[in-house]
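Observations on chain architecture
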Amino acid sequence: MPAFGWKTEVITVKNGSYPSTDKSLLEDVPQETTVHRTRTIEPFAIYNLLRGKKGNAVEVGMSNLKGNPSLFKRISNYLRANFFIPDARVGWNTYAFPKAMKLIKQNKPDIIITTGPPHSTHLMGAKLHELFGITWVADLRDPWTNIYYNQFLNRTQSTIKKDEQLECETLKKASAIIVATPGLKKEFQERVNNIVFIPNGYDETDFSTAETDQPKKFKLAYVGNFKEVQQCEALWKAISNLKSEPDFEREFQLEITGNIAQPIIDSIEKAGIGNFVTILPFVEHKEAIKRMMNANALLLPIPKSANNKNILTGKIFEYLATQRPILSIGPKVGDAAKMLAECQKEQMFDYDDQEGIQAFLLKELIEFRKKKELKKTGNELFKQYSRKGTTRQLVEYIESLQS
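Residues numbered from 1 in each chain as written. Predicted model: local features only at pLDDT ≥ 70, side-chain atom pairs only at ≥ 80, totals over all residues. Heavy atoms only, no water.

**Here's the deal with the pairing of strand 3 (residues 111-116)**
On a regular strand, each side chain points to the face opposite its neighbour's, so the side chains alternate between the two faces of the sheet. In terms of strand pairing, strand 3 meets strand 4 (residues 135-140) through six bridges, oriented parallel. Within strand 4, the position partnered with Ile113 by the bridge is Val137. Once the chain exits strand 3 it traverses helix 4 (residues 121-132) before rejoining the sheet at strand 4, and the crossover so formed is right-handed. (Pairing = 2+ DSSP bridges. Helix = DSSP H or I, 4+ residues; strand = E, 2+ residues; numbered from the N terminus. Right-handed = clockwise from strand over helix to strand, strands pointing away.)

Here it is, written out as structure tokens:
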């Protein structure tokens, strides 16, 4: 935003809980942007302490809440679900709100933007808007009451009702709403004053500097957090079936980089394809981009959840920017499938389409055998999703609210 003439100040946490952190991304914050960090209160560190673990790290995709959890986990689930509404980050508001009050009195900003998840952040936006009358934009990058992990929380009916009330109040009170998918816009548009779809995107400089190597074997890569709701059993079976293909074992590799839920690892081993899969730990973003660029194809599993037709993962934009073939598994009619089609990428396969997934892998492997090189697919429409382009959309939108 500073590049478009807007001075920005950001309030965030200094001791938040995450599955992992990448401090190298701090280099991307413009020098002109002032960042204020406040303390927060989150239940994760206490939860870890009670189960004998140090730190405030959290599991990927709420994996600790699924399956047959212990009594301790069931109690923790209940407390988290019903005593932290709308989410477990709401304790940050105790520290962030007075900081925001102080900055508003000092600097008299033209606009307030709250972004979530965590959607508890929007509760502060509503109060600040009411107190100061400043234009307030609530930016919802994911669903609120329909967010996928709510299905794993033991929420009471009164909790669900309270959460729905908070969502409706935010949509009604905000000067404008920004959403990250067309599906979310459709879901909210009858309950808001003003709404616009501005997608996530990719950083052009990440890809202009990424190095590529000559591939020695065909690599299907997944880079990022791999959650249990992204289970790919049809893919595991397809790989297992292809073991009988000549030289497949020597030529094929599935490489997963990042935090991976244990049930995913278990299902890979159960399918008998562990020798085809390499699991690597979380890496800094620059290295993550390099691994995407050096893959022959990229795996994109859309989470299996209600309303997943509305999901446009942040990953899809970086995948598009690599111009590598994408093996997408998810709803064939949805926002992600539509974006892939517009960029003339490979089709979306249904979760159970083992035959189609297997044919895709065999086709790509045969092409690799012929040329032994990294190929590009699709058109250049993906360029509209550069971070500079989406920031321009944001600036134009908030300036329209000022006129």
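Anyway, onward from the coordinates.
**Considerations on a nonpolar patch on the surface**
A cluster of nonpolar side chains, contributed by Leu71, Ile75, Tyr78, Leu79 and Phe83, occupies part of the molecular surface with about 510 Å² of accessible area. Tracing the backbone shows Phe83 in helix 2 (residues 71-83). On the accessibility criterion, Phe83 (59% relative accessible area) is exposed. (Patch = residues over 30% accessible without salt bridge, like charges linked within 9 Å, V, L, I, M, F, W, Y side chains within 5 Å. Areas by Shrake-Rupley, 256 points an atom, 1.4 Å probe, with all protein chains shown as cover. Salt bridge = Lys/Arg side-chain N within 4 Å of Asp/Glu carboxyl O. Buried < 20%, exposed > 50% of the residue type's maximum accessible area, 1.4 Å probe, protein only.)

**Describing the layout of surface pockets**
If you add up the space inside the second largest pocket, you get close to 330 Å³. Contributing to the lining of the second largest pocket are 15 residues, with Asp206, Thr209, His285, Lys286 and Glu287 lying nearest its centre. Elements with a minimum of two residues in the lining of the second largest pocket: helix 7 (204-208) and helix 11 (285-293). At five residues, helix 11 tops the list of elements feeding residues into the lining of the second largest pocket. (1 Å grid on protein atoms, 1.4 Å probe; cavity = no way out; pocket = protein on both sides within 12 Å on 5 of 7 lines; lining within 4 Å. Points joined across faces, edges and corners; volume = space filled by probe spheres on them.)

**Some thoughts on the packing of aromatic side chains**
Under the defined criterion, the tally for this structure stands at 11 aromatic pairs. Ring centres of Phe218 and Phe368 lie 6.0 Å apart, and the angle between their planes is 70 degrees; this geometry places the pair in the edge-to-face category. Separated by 150 residues along the polypeptide, Phe218 in strand 7 (residues 218-223) and Phe368 in helix 14 (residues 354-371) bring together distant segments of the chain. Each member of the pair Phe218 and Phe368 is classed as buried. Ring centres of Phe248 and Phe252 lie 4.8 Å apart, and the angle between their planes is 15 degrees; on these two criteria the pair is classed as stacked. (Phe/Tyr/Trp six-rings, centres within 6.5 Å; stacked < 30°, edge-to-face > 60°.)

**As for the pairing of strand 10 (residues 297-301)**
Burial runs high along strand 10: five of the five residues are buried. Across the two faces of strand 10 the burial is the same, with Ala297, Leu299 and Pro301 and Leu298 and Leu300 all buried. Sheet analysis places strand 7 next to strand 10, joined by two bridges and oriented parallel. Residue Ala221 lies in a different strand from strand 10, and its bridge partner there is Leu298. Bridge count between strand 10 and strand 11 (residues 326-329): four bridges; the pairing is parallel. In the strand pairing of strand 11, Leu299 is matched with Leu327. Regarding topology, helix 12 (residues 315-322) serves as the crossover connection from strand 10 to the parallel strand 11, and that connection is right-handed.

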